[in-house]
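What follows is each chain in one-letter form.
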Amino acid sequence: MGARVEPVAEAAMSSKRDRARRAQEKVVRDRAAREARRRAVPPHVRRRRRLLRWSWLPALVLLGLAVNLLTLGPGYREARAAYDAGEEWEAVDLFDRVDRWTFVERWKGAFNAGTARYRAGLYGSAIRYLDEALETVPDEHRCDVQTNRALALQAQEAETREEAEVQLAYVEELAAALAAQAAGEPYDAEVLEPPYEGADDPTVADELGFAGYLLRMAADDAALAAEALADPACTPPPSQGGGGQDEQDEQDQGGGGQDAAPTPQQEAEQRMQELLDLATDVERLAQAAQDGTLEGAPTPGAGGQEAPDPAQAEAERQEALAERNQQAGGGGGGQPAPSGGDGTGTAPGGGDGPGSGGGGGARNW
């Protein structure tokens, strides 16, 4: 029986080898046939076929961009309508949606989202979006971003300064309550309560230190605003009055004895220095309170110079911006607007109105 099985196994193996050899030979013949057909085609025809074969990729990209632009147009118009209607929070949400789907000129989406946040009073996030827009904005529109960024920084500066003044008023109440408690006189017990459960009792030194920290934060915002206003892209054009360089030199020297009005950049730098001086005084008081030598220490703002009221300072800044807009032929008072025209516009207007969508809008100073 064994003698009959071996020939059958050898025959099966031989049949498998023959099928494998025939399959390999077919692959070689097919490959040779394809190569022969390819060589038979003229070179220019082969190049044309390769181009046609890969042309679907740029066509698909262009199709995607077209769909993106068609989608952004209605979205921008809806967001702009909410912005113009004074619905700040609705405008923020809608501009965020537009920003997420903006792939062409990304700076415009961030610019619009940041401007809407400024209008809604979200100064911190407005600055972050405008910083993002500043990274990719072209030079011809850089001043538009810097203008709204400076306004947001100034608004945050005023808000932080107001918080610092509220903190200083609380320190006065705290010091009076502690003095009354030590003298056995009536005092407001709520002033001495910790800010939250488990916190340490408030001390004059710690609370003064926090007020100094707030003042330094406001000084940082003023410094950044001054830096934004000093951007070379925002350098005012030379006077068109025909006086030439001599007239410009005379204005720089004070106009023949008459003091020239400070520029917004100079005002921001002055506010920064005032805030730093006030922060230094407050921190000196905090150290005196820590050392137990607070009695007889000078009050913040030595020399009888008190910190200006933030609301009044902001109103004065806005008034100055409005005057400069009118002198420059602009229209409005310091409120920025998003870029115009179906999400493809560029510059903000000088006032509450929209940007032109194709030009540089009036500056806000």
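This is a predicted model, so every value here is computed, not measured.

## Some details on the overall build of the protein chain
On a plain count of helices and strands, the protein chain comes out with 11 helices and zero strands. Its helices and strands taken in sequence order, the protein chain reads α-α-α-α-α-α-α-α-α-α-α from the N to the C terminus. When burial is assessed residue by residue, the protein chain has 35% of its 365 residues classed as buried.

## Side note on the packing of helix α8 (residues 204–229) against helix α10 (residues 264–291)
Two elements in contact, α8 and α10, have axes separated by 8 Å at closest approach and are oriented at 165°. Accordingly, the angle class assigned to the pair α8 and α10 is roughly antiparallel. Handedness of the crossing formed by α8 with α10: left-handed. Residues belonging to the contact of α8 with α10 are distributed by class as follows: 22 nonpolar, five polar and three charged.

## Some thoughts on the packing of aromatic side chains
Tallied over the entire structure, the rule returns three aromatic pairs. Judged by centre distance (5.9 Å) and plane angle (50°), the rings of tyrosine 118 and tyrosine 123 are tilted. With respect to burial, tyrosine 118 and tyrosine 123 carry one shared label: buried. Taking 6.3 Å as the distance between ring centres and 25° as the angle between the ring planes, the aromatic pair formed by phenylalanine 210 and tyrosine 213 counts as stacked. Note that phenylalanine 210 and tyrosine 213 are positioned in helix α8 at a spacing of three residues, about one turn of the helix. Its relative accessible area of 40% is what places phenylalanine 210 among the partly exposed residues. Over the ring of tyrosine 83 we find arginine 119; its NZ or CZ atom is 4.5 Å from the centre of that ring.

Rules of the game
Residues numbered from 1 in each chain as written. Predicted model: local features only at pLDDT ≥ 70, side-chain atom pairs only at ≥ 80, totals over all residues. Heavy atoms only, no water. Helix = DSSP H or I, 4+ residues; strand = E, 2+ residues; numbered from the N terminus. Buried < 20%, exposed > 50% of the residue type's maximum accessible area, 1.4 Å probe, protein only. Axes fitted to C-alpha atoms, helices over the stretch in contact; angles between N-to-C directions. Parallel < 35°, antiparallel > 145°, perpendicular 65-115°, else oblique. Left-handed = near helix turned anticlockwise from the far one by under 90°. Nonpolar A, V, L, I, M, F, W, Y, C, P; charged D, E, K, R; others polar. Phe/Tyr/Trp six-rings, centres within 6.5 Å; stacked < 30°, edge-to-face > 60°. Lys NZ or Arg CZ within 6 Å of the ring centre and 35° of its normal.

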